[in-house]
Amino acid sequence: MNLLELHDIFFTVSGREVLSGLQLAVKAGEVHALLGTNGTGKSTLAYLIMGCGGYRPVSGGIIFAGTVLNDLKIHERARLGICMAWQEPARFEGLRVRDYLTLGTAVEEPELALSMVGLEPARYLDRMVDSALSGGERKRIELASVLALRPKLAILDEPDSGIDMLSTNDILRVLERLRGEGSAVLLITHRDEIAAAADHASQICGGKIVCSGSPSSVAAVFKSRKCISCDGEVCSDE
Amino acid sequence: MNEFDQLMTAMGAAGGDRAVLDDPATAHLVVVGSRIISSRALPGLDVEAAAAEGGVRVKIRLREGIQLTAPVHTCFGVVHREGDQRIDINIVLEPDSSARFIAHCLFPKAERVRHIMDAHVEIGAGASMQYQERHFHGPHGGVEVIPKAVVRIGKGGRYSSDFTLTDGRVGALAIDYDVEAAEDAVVELTARVFGHGSDDIRIRERVVLGGENARGIIKTRIAVEDDALAEVTGITEGNAAGARGHVDCMEIIRDRAVAKAIPIVSVTHPQAKVTHEAAIGSVDKHQLETLMAHGLTPEEAVDVIVKGMLG
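All values reported here derive from a predicted model rather than from experimental measurement.

> Where do I start with the overall build of chain B in this structure?
Of regular secondary structure, chain B possesses three helices and 19 strands. Reported as C-alpha extents along the three principal axes, the dimensions of chain B are approximately 60 × 55 × 35 Å. Put simply, chain B has 311 residues, and 48% of those count as buried. Residue pairs at least 24 apart in sequence account for 78% of intrachain contacts in chain B once pairs closer than 6 positions are excluded.

As structure tokens, then:
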């Protein structure tokens, strides 16, 4: 059963078409990897699903658990069970990690979520979610916040960027945890070993989904830089 | 309820604990209007207070080498709707002494109240002073607060102040601080203010890094909404080799409020360096959307951001 469906999504920025009739479905409980080169609209798609300001489809429908999301605000979508780990997470002066991880959740003890992303709770819970954290630490805290929210759908926008290679296992552990709790995941990534943990994968190119299937088959097409749709014209490695 | 009890009630509302005034190991001074209600000195710490025209004159001296473990509490306020209070305060920390001061400034019912503070602070070589000032002005916005301080920090001394006025209305606030730091001295000035209604907030802080390797930071965090006005002037002068200074001002505005930041940096020595940053605007969109993605309404998200910024 599909939890998320995107029907014929068109989206333009300054007159340039970024998404051109995109179709995508994510099943409940499924980890769905989304692959694509830089600038193909992966993050745009994430913002459209989350409902960020300035990201409304020109046409097409975003349907989540039977509800049309197009006119809902971010917090209304969040309350339906959608959350997002941002590629560049925001920093907050004066907001403790402990408080960030419990915002909007029923979780009172966020230690477990921190442990799951490889951060020692005793060292981090009382730190601020501010610029004193490294990029990698902040990304991990973002993933921990997704775990704490226990969403129906988690959008992870390049969780592996800015985190050292040794942390791949931490990301995989997060995916397993989300899967174990029945959450669906839309996983945006460039890395094979992360995408390989998905149940299903799609490749976006030229504003459309051009290839779907098993993670290994989609990754092979993606790595060849020649997708079925554009035959390399858009996908070609610059 | 007598004046003291009224002041203590306001102190509790502002997050203070009146029990500290009963602690024989904690020095304090309580002044309501121009009446000295209570004071306690300690061995090595002199506290003298005397009534003066329109207020009180206070002298505090911490003797050389004395390092207080418990903070010194000062509690100044006007508990009636109208009134004036003038505090002339002279604080001396002799060399190698250290103390933390917590000042509670309380005007819970103020409709036409004026509070003027004129402070002179001398911090001896190697001495350290932390000064926290917490204000509570009630809901009417009828307070005019004019704190003025001149601070001199001796060689290797440290001075940090933290001014907070984030509960209730501000009224009219005009902070004017001048700090001079000698060789190897360190100064940190922080002010956090939340203005509403027609509040008028003016902050001028000047740090002169006159000694070699002196360091200073002026940090200001302001939020204003409704028709409030904030103008922040942060001045830092680097006048000696190795002096390092920074001016950091962040202001969030909502509604029809207006905020201005005027950082002034001046360097007269080629081996000194002073930097500044100022950010004024509405709430950051990315921060807002991140919190909304946790299910917070826009209003709840703004509250979290503003409260965090104001500490």
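> So what exactly am I meant to see when it comes to the sheet that holds strand β1 (residues 2-13) of chain A here?
Consider a sheet: its strands pair through backbone hydrogen bonds, and that pairing is either parallel or antiparallel. One open sheet holds the four strands; their spatial order is β2-β1-β4-β5 (chain A), and the pairing between them is antiparallel. Edge positions in the sheet fall to β2 (16-27) and β5 (67-68) of chain A, since each has one partner strand and no second.

> Looking at this model, I keep getting lost on the nonpolar core. Mind explaining?
Note on soluble globular proteins: their nonpolar side chains tend to be buried together. Counting residues in each nonpolar core, the largest one holds 170 residues, and the members touching the most others are M50 and L153 of chain A together with V179 and A181 of chain B. Considering every element that reaches this core, the biggest residue donor is helix α6 (residues 135-149) of chain A, with seven residues. Once you skip the residues sitting within four places of it in the chain, M50 of chain A turns out to touch I74, R77, I82, M84 and I155 of chain A together with A293 of chain B.

> So what exactly am I meant to see when it comes to the interface of chain A and chain B here?
Bring the parts together and some accessible area is lost; that lost area is often taken as the interface size. Counting residues at the interface gives 19 residues for chain A, matched by 17 residues for chain B. Elements with a minimum of two residues in the side of chain A that touches chain B: α2 (74-80) and β6 (82-85) of chain A. If one sorts the elements of the side of chain A that touches chain B by residue count, α2 of chain A sits on top with four residues. Taken together, the residues of the side of chain A that touches chain B sort by class into 13 nonpolar, four polar and two charged.

> What am I meant to see in helix α1 (residues 3-13) of chain B here?
Residues that lie three or four places apart on an α-helix share one face, since the helix turns once every 3.6 residues. Residue and element names in this part refer to chain B. Those residues of α1 that sit buried are L7, M8, A10 and M11. Along the long axis of α1, the arc covered by the buried residues comes to 160°, so they all point the same way. Summarising the contacts, the buried residues of α1 are in contact with β1 (28-32), β5 (72-77), β7 (98-106) and β9 (128-136).

> How should I be thinking about the pairing of strand β10 (residues 208-213) of chain A in this particular structure?
Where a strand is regular, its side chains alternate between the two sheet faces. All names here are of chain A. Judged from the five bridges that link them, strand β9 (residues 200-205) and β10 form a sheet pairing that is antiparallel. Residue pairing for β10: A201 is matched across the bridge by G213. Where β9 hands over to β10, the hairpin turn is made up of two residues, of which G206 adopts a positive phi near 60°.

> Explanation requested: the pairing of strand β12 (residues 172-181) of chain B in the structure shown.
Residue and element names in this part refer to chain B. Bridge count between strand β10 (residues 143-153) and β12: eight bridges; the pairing is parallel. Considered in β12, the bridge of V145 is made with L173. Bridge analysis of β12 against strand β14 (residues 200-209) gives 10 bridges, and the strand direction is parallel. From the neighbouring strand, Y177 faces β14, where its bridge partner is E205.

> Quick question: what am I supposed to make of the sheet that holds strand β19 (residues 273-281) of chain B here?
Residue and element names in this part refer to chain B. Reading across from one edge, β2-β1-β5-β7-β9-β11-β13-β15-β17-β19 is the order of the 10 strands in this open sheet, with mixed pairing throughout. Edge positions in the sheet fall to β2 (35-40) and β19, since each of these pairs with one other strand and no more. Here the average twist between neighbouring strands, direction ignored, is 5°. Pairing of strand β15 (residues 215-224) with strand β17 (residues 244-253), which is carried by 10 bridges, proceeds in the parallel orientation. Bridge pairing links I218 to V247 in β17. Most of the contacts of helix α3 (residues 298-310) go to β15, to which it runs at about 150°, and overall it touches β13 (186-195), β15 and β17.

> Would you take a moment to explain the confidence of the model for chain B for this structure?
Detailed reading of the predicted coordinates is not advisable wherever pLDDT is low. When pLDDT is averaged along chain B, the result is 94; 100% of the residues meet or exceed 70. For chain B, the element scoring lowest by mean pLDDT is α1 of chain B, at 84; β14 of chain B scores highest, at 98.

> Would you explain α3 of chain B in this entry?
Residues and elements named next belong to chain B. With 13 residues, α3 extends 18 Å between its outermost C-alpha atoms, agreeing within 8% with the 18 Å of an ideal straight helix rising 1.5 Å per residue. Here α3 has its buried residues at A301, V302, V304, I305, G308 and M309. The arc that holds the buried residues of α3, viewed along the axis, is 160°, so those residues lie on one side. Residues of α3 that are buried in the fold lie against β15, β17 and α2 (285-292).

> I'm lost on the packing of α2 of chain B against α3 of chain B in this one. Help?
Residues and elements named next belong to chain B. Contact pair α2 / α3: the axes reach a minimum separation of 9 Å and the direction vectors enclose 120°. As judged from the angle between their axes, α2 and α3 are oblique. Crossing of α2 against α3: the hand is right-handed. Counting all contacts with α2, which are made through Q287, L288, L291 and M292, the residues of α3 involved are P298, A301, V302, V304 and I305. Classifying every residue of the contact of α2 with α3 gives eight nonpolar, one polar and no charged.

Basis of the calculations
- Residues numbered from 1 in each chain as written.
- Chains lettered and ligands numbered in written order.
- Predicted model: local features only at pLDDT ≥ 70, side-chain atom pairs only at ≥ 80, totals over all residues.
- Helix = DSSP H or I, 4+ residues; strand = E, 2+ residues; numbered from the N terminus.
- Buried ≥ 20, exposed ≤ 12 C-beta atoms within 10 Å, placed from the backbone.
- Contact = placed C-beta atoms within 7 Å.
- Pairing = 2+ DSSP bridges.
- Core = buried A, V, L, I, M, F, W, Y, C linked by C-beta atoms within 7 Å.
- Nonpolar A, V, L, I, M, F, W, Y, C, P; charged D, E, K, R; others polar.
- Arc of directions from axis to C-beta.
- Axes fitted to C-alpha atoms, helices over the stretch in contact; angles between N-to-C directions.
- pLDDT = per-residue confidence, 0-100.
- Expected span 1.5 Å × (residues − 1).
- Parallel < 35°, antiparallel > 145°, perpendicular 65-115°, else oblique.
- Left-handed = near helix turned anticlockwise from the far one by under 90°.

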